[in-house]
Amino acid sequence: MSWRWALARRVAKLAATDGGGGAQAQRLLPTSSAAAGTGLLGRLHMPLASQIRSKVVGCRGAALVSSRWLHDAQYQVRQDGASRAQEQQDPFELVADELSLLANRLRSMVAAELHLQVPKLASAAEYFFKVGAEGKRFRPTVLLLMASALKFPLSESTEGGVLSILADKLRTRQQNIAEITEMIHVASLLHDDVLDDADTRRGVSSLNLIMGNKLSVLAGDFLLSRACVALAALGNTEVVSLMATAVEHLVTGETMQISTSREQRRSMEYYLQKTYYKTASLISNSCKAVAILAGHTAEVSMLAYEYGRNLGLAFQLIDDVLDFTGTSASLGKGSLSDIRHGIITAPMLYAIEEFPQLQEVVDRGFDNPANIEIALDYLRKSRGIERTKELAREHADRAVKAIESLPDSDDEDVLTSRRALIDITERVITRTK
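Just so it is clear, the model here is predicted, and its values are computed rather than measured. (Residues numbered from 1 in each chain as written. Predicted model: local features only at pLDDT ≥ 70, side-chain atom pairs only at ≥ 80, totals over all residues. Heavy atoms only, no water.)

1. What to know about the packing of helix H13 (residues 237-258) against helix H15 (residues 268-293)
Inference 1: The N-to-C vectors of H13 and H15 enclose an angle of 165°; their axes lie 8 Å apart at closest approach. Between H13 and H15, the angle falls in the class roughly antiparallel. The chirality of how H13 crosses H15 is left-handed.
Inference 2: For the contact of H13 with H15, a count of residues per class yields 13 nonpolar, 8 polar and 5 charged. (Axes fitted to C-alpha atoms, helices over the stretch in contact; angles between N-to-C directions. Helix = DSSP H or I, 4+ residues; strand = E, 2+ residues; numbered from the N terminus. Parallel < 35°, antiparallel > 145°, perpendicular 65-115°, else oblique. Left-handed = near helix turned anticlockwise from the far one by under 90°. Nonpolar A, V, L, I, M, F, W, Y, C, P; charged D, E, K, R; others polar.)

2. Digging into helix H23 (residues 412-430)
Inference 1: End to end, H23 covers 27 Å across 19 residues, agreeing with the expected 27 Å (1.5 Å per residue, within 8%).
Inference 2: By the N-cap criterion, in which a side-chain oxygen at the helix start approaches the backbone nitrogen of a residue two or three places on, H23 is capped by aspartate 411, the distance to aspartate 413 being 2.8 Å. (Expected span 1.5 Å × (residues − 1). Polar contact = N/O pair within 3.5 Å; in protein donor to acceptor, adjacent residues only side chain to side chain.)

3. Points about the packing of helix H9 (residues 138-149) against helix H16 (residues 298-325)
In a pair of packed helices, the angle between the axes and the distance between the axes together describe the arrangement.
Inference 1: Between H9 and H16, whose axes approach to 12 Å, the crossing angle comes to 155°. Here H9 lies roughly antiparallel to H16, going by the angle between them. At the point where H9 passes H16, the crossing takes the right-handed sense. Where H9 approaches H16, its residues Phe138, Val142 and Met146 are matched on the opposing element by Ala304, Tyr307, Leu311 and Phe315.
Inference 2: Here the contact of H9 with H16 is composed, by residue class, of 7 nonpolar, no polar and no charged. (Contact = heavy atoms within 4.5 Å.)

4. Focus: the environment of leucine 379
Inference 1: Counting through the fold element by element, leucine 379 comes out in helix H21 (residues 369-381).
Inference 2: With a relative accessible area of 6%, leucine 379 lands in the buried category.
Inference 3: Sequence separation between leucine 379 and phenylalanine 355 is 24 residues; the distance between their C-alpha atoms is 9.0 Å.
Inference 4: Those residues within four positions of leucine 379 in sequence are excluded, and the remaining contacts are Phe324, Pro347, Met348, Ala351, Gly384 and Ile385. (Buried < 20%, exposed > 50% of the residue type's maximum accessible area, 1.4 Å probe, protein only.)

5. Here's the deal with the confidence of the model for the chain
Inference 1: For the chain, the average pLDDT comes to 79, and 73% of its residues sit at 70 or higher.
Inference 2: A low-confidence stretch, residues 73-78 stays under pLDDT 50, and its non-local contacts, those more than four residues away or across chains, total 11 contacts.
Inference 3: Here residues 81-85 scores under 50 on pLDDT; set against residues more than four positions off or in separate chains, the count is 9 contacts. (pLDDT = per-residue confidence, 0-100.)

6. Regarding the packing of aromatic side chains
To describe a pair of aromatic rings, one takes the distance between the centres and the angle between the planes.
Inference 1: Applying the stated rule across the entire model yields 3 aromatic pairs.
Inference 2: Taking 5.0 Å as the distance between ring centres and 35° as the angle between the ring planes, the aromatic pair formed by phenylalanine 138 and phenylalanine 315 counts as tilted. Of this pair, phenylalanine 138 sits in helix H9 while phenylalanine 315 sits in helix H16, placing them 177 residues apart in sequence. As far as burial versus exposure is concerned, phenylalanine 138 and phenylalanine 315 are alike and both buried.
Inference 3: Centre to centre, the rings of tyrosine 276 and tyrosine 277 are 5.8 Å apart; their planes meet at 50°, and the pair counts as tilted.
Inference 4: Residue tyrosine 276 is classed as buried on the basis of its relative accessible area, which comes to 11%.
Inference 5: Judged by relative accessible area, which is 19%, tyrosine 277 ranks as buried. (Phe/Tyr/Trp six-rings, centres within 6.5 Å; stacked < 30°, edge-to-face > 60°.)

So this is what it looks like as structure tokens:
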């Protein structure tokens, strides 16, 4: 942060809160004529000097802050803040300290009491919270950045730092949303791996492979119960309703996936609805919960929701592409896992549009490896992969638009966090694993 920018920002704040007289602000500026030359300091100094002289001769009316001076100072703050926000920063690094704090707290929440009572369940419940098995922590990162992107500016002159204390409490509650979301997400992974009979997850052996299906299901149930306890402690009925809806959607989406009719399997609309339930609902409702806890309007809360919804859809669309184009090593799971389980995703749906005869192959199922090879051959000849990437880009662009539609802010942290959320959309659609 340049000293000129810091000085301009401080002076602007003092001028705006000093009853119009600028007495505090003028003490921050040099009084020699040499210091009042060209540049920002000169522009700021001259109007204040005139005000001081007016006070000496008793002209109270001349003590008002010059509108041009205030405009220049605020403009400089906006320009410098926006410039710094545009600097490329790793979104995950911006919240690295908080992520570490959350990871420690999650490990404590999940299994602290169980180790003495039911050690086997404790080991199962904390399996994907151990250091090295935590994954990308994508959702907590998005939620922490969203909390910063929606931060209200606090006055430095607040008596006793009351607002600062309240802001810290709010941040803790928003961190709780990130923790709750991660517990719900991991619980869904444990259940999904049982349903899919998966043997790997996040590059390691799946829990059901190591400890069996029954314990995996119980561990997932336990995580959901822990999430419910933490959610109830927030004491916000609207937030509780949002997160409960997200859990309901996870179950609904999974049911839609395993009980599709022939017509539903070939429907892009059905696929996108299922994808919203299984992937996008949790992150979108969590983003909205973060906004609601901060006391934002319904409009702002909906923008947070739209960001999460479109980011989640884009994420899953790229995931579906990678299931065909990635390798087992890069994905941390077996490639072609969806089609081997008879799950038809966007790339194949687009391929069916181009080659209707592919539908017959899909209807026969993929128990026969020969059918998989036929389907993949049609997919390679089609634009299924490209069109899925294009759809992911459309949703990523909508997520960006939601962030750009948030209320204007001059706060550097807010601008940096919004830039990071936009950066995440690009990372989602260009990732290779």
